[in-house]
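Architecture and fold: a report
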Amino acid sequence: VMLSPQHAIQCSEAGSCDGGNAGGLLQFIHKNGIVDETCNPYLAKNRECSGPFAECYTCNRDGGCVALKTFRRYYVDQFGTVEGEENMKAEIYARGPIVASIHDPASLKAWNSSGVYKDPSGEKWATHNVAIIGYGTYQGTNYWQIANSWGTAWNNPEGGYVKVIRGVDNLGIE
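These numbers were taken from a predicted model, which means no experiment stands behind them.

1. Digging into the packing of aromatic side chains
Taken as a whole, this structure holds 3 aromatic pairs when the rule is applied. Plain terms: the ring middles of Phe-53 and Tyr-57 are 5.7 Å apart, the flat faces sit at 90° to each other, and that makes the pair edge-to-face. Aromatic side chains Trp-111 and Tyr-117 sit 5.1 Å apart centroid to centroid with 80° between the ring planes, which places their arrangement in the edge-to-face category. Over the ring of Tyr-138 we find Lys-163, and its NZ or CZ is 5.0 Å from the ring centre. Here the basic side chain of Lys-163 rests over the ring of Tyr-143, its NZ or CZ set 5.7 Å away from the ring centre.

What follows is the structure, given as structure tokens:
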């Protein structure tokens, strides 16, 4: 299930398209829940959480949209801080995806490859939040599998996902 970044931006008061607070977002999801991306698709726009289309809607092929009164919400049961490669792997294995605050340089925004990304600048200050959904090894390089909120058109070979080198704290991810 892909959770809705647009719903998070609109309703959590934990951030905007220009960045945010992962802890505040997780608190919001724990208390209020969040809808999936089919319910509130990503528009890459800051919008208010008000009106009939604030949380969940569907649109017809002719362009007409209808707000849904009944829809599923997903909740976070537990949340906290986890640091270090081995602790992060253990958390993903035990409970599933984790949120990471990372640096997002221009080279990441322009990345368009199925290979493993490594930022050469060494910058680690957090400017963007992503979901780490897994980890693995690709052609001998350990990586984190990242789901980004920029939509499926970003990094087209991976459909909105990216492999980021693991074990060297690249982008401040670990």
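2. Describing the side chain of Arg-166
Relative to the elements of secondary structure, Arg-166 occurs in the segment after strand E9 (161–165). Side-chain polar atoms of Arg-166 contact the backbone oxygen of Tyr-143, separated by 3.2 Å.

3. Considerations on the pairing of strand E7 (residues 128–138)
Regular strands place their side chains on alternate faces of the sheet. Bridging between strand E5 (residues 98–102) and E7 involves 5 bridges; their strand directions are antiparallel. Bridging across to E7, Ile-98 finds its partner in Ile-132. The pairing of E7 with strand E8 (residues 141–147) spans 7 bridges and is antiparallel. From the neighbouring strand, Gly-136 faces E8, where its bridge partner is Tyr-143. What sits between the antiparallel neighbours E7 and E8 is a turn of 2 residues, in which Gln-139 has the positive phi angle 50°.

4. With respect to the nonpolar core
With 16 residues, the main nonpolar core has Ile-132, Ile-146 and Ile-173 as its most contacted residues. Breaking this core down by element, the ones donating at least two residues are helix H3 (85–95), E5, E7, E8 and E9. Residue contacts for Ile-146: discarding those within four places in its chain leaves Val-130, Ala-131, Ile-132, Gly-160, Tyr-161, Val-162, Val-164 and Ile-173.

5. Concerning helix H2 (residues 22–32)
Among all positions in H2, only Ala-22, Leu-26, Phe-28 and Ile-29 are buried. Mapping the buried residues of H2 onto a view down its axis gives an arc of 155°, with all of them on the same face. Residue Asn-21 occupies the N-cap position of H2, its side-chain oxygen lying 2.8 Å from the main-chain nitrogen of Gly-23. One or two residues past the end of H2 sits Gly-33, with phi positive at roughly 80°.

Each value, and the rule that gives it
Numbers given to residues run from 1 along each chain, matching the order in which its sequence is written. Owing to the predicted nature of the model, reporting of local features is limited to residues with pLDDT of at least 70; listing and counting of side-chain atom pairs is limited to 80 or more, with chain, interface and lining totals taken over all residues. Hydrogens and water molecules were not included; the side-chain quantities draw on all heavy atoms of the structure. Note on aromatic pairs: the rings of Phe, Tyr and Trp (six-membered ring only in Trp) are paired at centre separations within 6.5 Å, and the planes decide the class, stacked below 30 degrees, edge-to-face beyond 60, tilted for the rest. We call a charge positioned above a ring when the Lys NZ or Arg CZ atom is no farther than 6 Å from the ring centre and deviates by at most 35 degrees from the ring normal. Strands here mean DSSP runs of E at least two residues long; helices mean DSSP runs of H or I at least four residues long; both are numbered from the N terminus. Within 3.5 Å is the distance limit for a polar contact, defined as a pair of N or O atoms, with the added protein rule that one can donate a hydrogen and the other accept it, and that residues adjacent in sequence qualify only through two side-chain atoms. Between any two strands, pairing holds if DSSP finds at least two bridges. Nonpolar cores were defined as sets of buried Ala, Val, Leu, Ile, Met, Phe, Trp, Tyr and Cys residues, with membership established by side-chain atoms within 4.5 Å. The buried label applies to any residue whose accessible area, calculated with a 1.4 Å probe on protein chains only, is under 20% of its type's maximum; exposed applies above 50%, and partly exposed to all values in between. Any two residues whose heavy atoms approach within 4.5 Å at even a single point are treated as in contact. The reported arc concerns the directions from the helix axis to the C-beta atoms and nothing else.

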